[in-house]
Amino acid sequence: MPLDRIDKRMLRLLQADGRMSNADLAMAVNVSPATCHRRTQRLFDDGYIQTVRAVVNPESVGLGAIAMVGVVLDRSTPESFAKFEAAVLDLPMILDCHLVAGDFDYLLKIRVADMADFNRFHGKVLIALPEVRQARTFFVMKEVKDGAPLDF
């Protein structure tokens, strides 16, 4: 079922505050709490909402450094991509992994404690990932915009 204006408003509100109560959400979109609950459940069931989670301050848990890493694989084959992607899925310090067009095959976003922590990760894990030929690292000096809500 396509999204109507109420569904879209609900998604925007929940994207801004995933802890919003059903009663507050219902009031904000001008529907009954029962209707709001049914609509919210449908948004989950239909895959519009994937999950609800807390966003933890990385520095408060000792993960204040970000490295963006461009990875080039030895070969550009479906098998090489599959091996690399399977290995990446098992590494919690890799927050994001994107297959990209351009100078790299993949772009990774990695959270670590500091540069020494990244150096250990790079030497023991990253360059040992299957099919990796080259990894180019860019350290983030300042997060200007991260995890912005979708604009729809």
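All of the points below concern the structure found in this document. Note that this is a predicted model, so its numbers are computed, not measured.

This paragraph deals with the overall build of the chain. In terms of helices and strands, the chain carries 5 helices and 4 strands. Listing every helix and strand of the chain by position from the N terminus yields α-α-α-β-α-β-β-α-β. Here the C-alpha atoms of the chain give a radius of gyration of 20 Å, more than 25% beyond the 15 Å that 2.2 N^0.38 yields for 152 residues. In terms of overall dimensions, the chain has a C-alpha envelope of 55 × 35 × 25 Å along the principal axes. Burial statistics for the chain: of 152 residues in total, 29% are counted as buried. Put simply, of all contacts in the chain between residues at least 6 apart along the chain, 65% involve residues at least 24 apart. Accessible surface, the chain as shown: approximately 10,400 Å² in total, 54% of it carbon and sulfur.

What follows concerns the pattern of salt bridges. According to the stated counting rule, one finds 9 salt bridges in the structure shown. With a shortest N-O distance of 3.0 Å, Arg-39 and Asp-4 are connected by a salt bridge. Placement of Arg-39 in helix 3 (residues 33–45) and of Asp-4 in the segment before helix 1 (5–16) is noted, with a sequence separation of 35 residues between them. Taking relative accessible area as the criterion, Arg-39 reaches 18% and is therefore assigned buried. For Arg-42, the salt bridge is made with Asp-7, and the minimal N-O distance between the two is 2.5 Å. Residue Arg-42 is found in helix 3, and its partner Asp-7 is found in helix 1; the two are separated by 35 residues along the sequence.

About the cut-offs
Residues numbered from 1 in each chain as written. Predicted model: local features only at pLDDT ≥ 70, side-chain atom pairs only at ≥ 80, totals over all residues. Heavy atoms only, no water. Helix = DSSP H or I, 4+ residues; strand = E, 2+ residues; numbered from the N terminus. Rg over C-alpha atoms; globule rule 2.2 N^0.38 Å. Buried < 20%, exposed > 50% of the residue type's maximum accessible area, 1.4 Å probe, protein only. Contact = heavy atoms within 4.5 Å. Areas by Shrake-Rupley, 256 points an atom, 1.4 Å probe, with all protein chains shown as cover. Salt bridge = Lys/Arg side-chain N within 4 Å of Asp/Glu carboxyl O.

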